[in-house]
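Commentary on secondary and tertiary structure
As a plain string of letters, each chain reads:
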Amino acid sequence: HEFKTPISTISLAAQMLQDQTVAKSPEMFGRLSGVISSETKRLRFQVDKVLQMSMFDDKNTASLKMKELDANELISGIINTFAVKVNQNGGTITSNLEAKDPFIYVDEMHFTNVVFNLMDNAMKYKRPDVPMSLEVRTWNSGDNFMLSIKDNGVGISKDNLKKIFDKFYRVHTGNVHDVKGFGLGLAYVKQIVRAHRGSIRAESGVGVGTTFIIVLPLK
């Protein structure tokens with residue numbers, strides 16, 4: 001799943017570039033070219049992640065390459081990339097990046113993976129009869145940087161909500177057969193957030209969507 005998502009986005013952007021109307025729009029051409037470039041970079045990140053995942057099994061730690069980043073800027077770029085896929089599926093993605101102090105000390109590869117992973121989840125568990133709506137918000141609370149990713153998908157029951165961060169646990173999706181993966185996504189997300197001295201929680205209910213909230217210490 002982690003490899004197929006950027007590959008499918010690159011494929012979609014490449015197909016759109018072949019459209020003559022797109023070729024005549026420098027703005028759209030530049031945007032799609034940027035998507036291909038960033039998703040190619042993300043694929044390289046995924047290769048690094050696969051090579052590092054064994055460390056979680058043995059030592060329960062990750063080898064992090066920490067540096068100071070403007071989280072608003074990084075998240076804005078991720079949203080721009082992911083918007084191509086959301087829009088193509090008839091959905092919308094909105095952002096409200098209100099954090100006045102967005103500087104955090106993180107591993108760019110792993111933090112990017114965390115945000116992409118949560119957005120991918122929203123895409124996987126969208127309701128078939130309702131256009132997908134994804135809201136991304138940042139703000140500050142005390143000495144922390146806050147990030148929330150809210151969707152309007154199928155939602156998660158109270159019992160399942162207690163287990164979603166467990167390794168290999170998969171939420172039952174009834175008749176939804178196109179949800180693929182091995183259930184490692186949210187376990188990875190929680191482990192990375194904890195490695196950054198942060199926390200993550202989920203708020204959800206069946207039929208009302210899910211909101212993931214990440215708390216990270218400021219630089």
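Placed above this text is the structure.
Let me begin by describing the structure that accompanies this report. (Residues numbered from 1 in each chain as written. Predicted model: local features only at pLDDT ≥ 70, side-chain atom pairs only at ≥ 80, totals over all residues. Heavy atoms only, no water.)

**With respect to the overall build of the protein chain**
For clarity, the cut-off: Strands are runs of DSSP state E lasting at least 2 residues, helices are runs of H or I lasting at least 4, and numbering of each runs from the N terminus. Here, two residues are considered to be in contact whenever any of their heavy atoms come within 4.5 Å of each other. Per-residue accessibility takes into account occlusion by the displayed protein chains alone, with areas from the Shrake-Rupley method and a 1.4 Å probe.
Each helix and strand in the protein chain was counted, giving seven helices and seven strands. By sequence separation, contacts in the protein chain at least 24 residues apart represent 70% of the contacts at least 6 residues apart. Element-wise, carbon and sulfur atoms account for 52% of the exposed surface of the protein chain, whose accessible area totals about 11700 Å².

**A short note on the environment of Ile104**
Formally: The rule is simple: take the accessible area with a 1.4 Å probe, protein chains only, and divide by the maximum for that residue type; under 20% is buried, over 50% is exposed, in between is partly exposed.
Inspection of the secondary structure assignment puts Ile104 in strand E3 (residues 103–107). A relative accessible area of 1% places Ile104 in the buried class. Remark: the alpha-carbon pair of Ile104 and Asp70, spanning 34 residues in sequence, is separated by 6.7 Å. When neighbours within four sequence positions are excluded, Ile104 is seen to be in contact with Lys67, Glu68, Leu69, Ala71, Phe111, Phe145, Leu216, Pro217, Leu218 and Lys219.

**Considering empty space enclosed by the protein**
Convention followed: With a 1 Å grid laid over protein atoms only, a set of points is called a cavity when a 1.4 Å probe fits there but cannot get out and a pocket when it is open yet has protein on both sides within 12 Å along at least five of seven lines; lining residues have an atom within 4 Å of a point. Grid points are joined across faces, edges and corners, and a volume is the space filled by probe spheres set on the points. Side-chain classes are defined by residue name, with Ala, Val, Leu, Ile, Met, Phe, Trp, Tyr, Cys and Pro counting as nonpolar, Asp, Glu, Lys and Arg as charged, and the others, Gly among them, as polar.
Tallying each qualifying case throughout the model produces two cavities of 30 Å³ or more. In this structure, the largest cavity occupies an estimated 40 Å³ of space. Forming the walls of the largest cavity are Phe111, Val114, Ile192, Val193, His196, Ile214 and Leu216. Put simply, the parts of the chain that give the lining of the largest cavity at least two residues each are helix H5 (108–124), helix H7 (185–195) and strand E7 (209–217). By residue class, the composition of the lining of the largest cavity is six nonpolar, one polar and no charged. By volume, the second largest cavity amounts to about 30 Å³. Forming the boundary of the second largest cavity are Leu118, Ala122, Leu134, Ile149, Lys150, Asp151, Thr210 and Phe212. Counting residues per element, the ones that place at least two in the lining of the second largest cavity are H5, strand E5 (144–151) and E7. A per-element tally of the lining of the second largest cavity places E5 first, with three residues. Broken down by class, the residue content of the lining of the second largest cavity amounts to five nonpolar, one polar and two charged.

**Some points on unusual backbone geometry**
If you check the backbone angles, Arg197 has positive phi at about 60° while not being a glycine. Within the secondary structure, Arg197 is located in the loop between H7 and strand E6 (199–205). A residue is classified by how much of its surface remains accessible, and Arg197, at 69% relative accessible area, is exposed.

**Quick word on helix H1 (residues 4–17)**
The periodicity of an α-helix, 3.6 residues per turn, causes residues three or four positions apart to be oriented the same way. Quick reminder of the rule: A helix's residues, less one, multiplied by 1.5 Å, set its expected span. Throughout, the arc means that of the directions going from the helix axis to the C-beta atoms.
Here H1 is 14 residues long and its end C-alpha atoms lie 20 Å apart, about the 20 Å a rise of 1.5 Å per residue gives. Among the residues of H1, Thr5, Pro6, Thr9, Ile10, Leu12, Ala13 and Leu17 are the ones counted as buried. Each buried residue of H1 lies within a common arc of 165° when the element is viewed along its axis, so the set occupies one face. Exposed and oriented more than 90 degrees from the buried face of H1 are Lys4 and Gln15.

**Notes on the sheet that holds E6**
Using the following cut-off: One bridge is not enough; two strands pair if DSSP finds at least two bridges between them. Axis definition: a line fit to C-alpha positions, over the contact stretch in the case of helices; interaxial angles, taken between N-to-C directions, run 0 to 180 degrees.
One open sheet holds the five strands; their spatial order is E2-E4-E5-E7-E6, and the pairing between them is mixed. Both edges of this open sheet fall to strand E2 (92–97) and E6, since each of them pairs with a single strand only. The average undirected angle you get between the axes of adjacent strands in this sheet is 15°. Set on the sheet, helix H4 (residues 71–88) makes contact with E2, strand E4 (133–141) and E5; between it and E2 the angle comes to about 170°.

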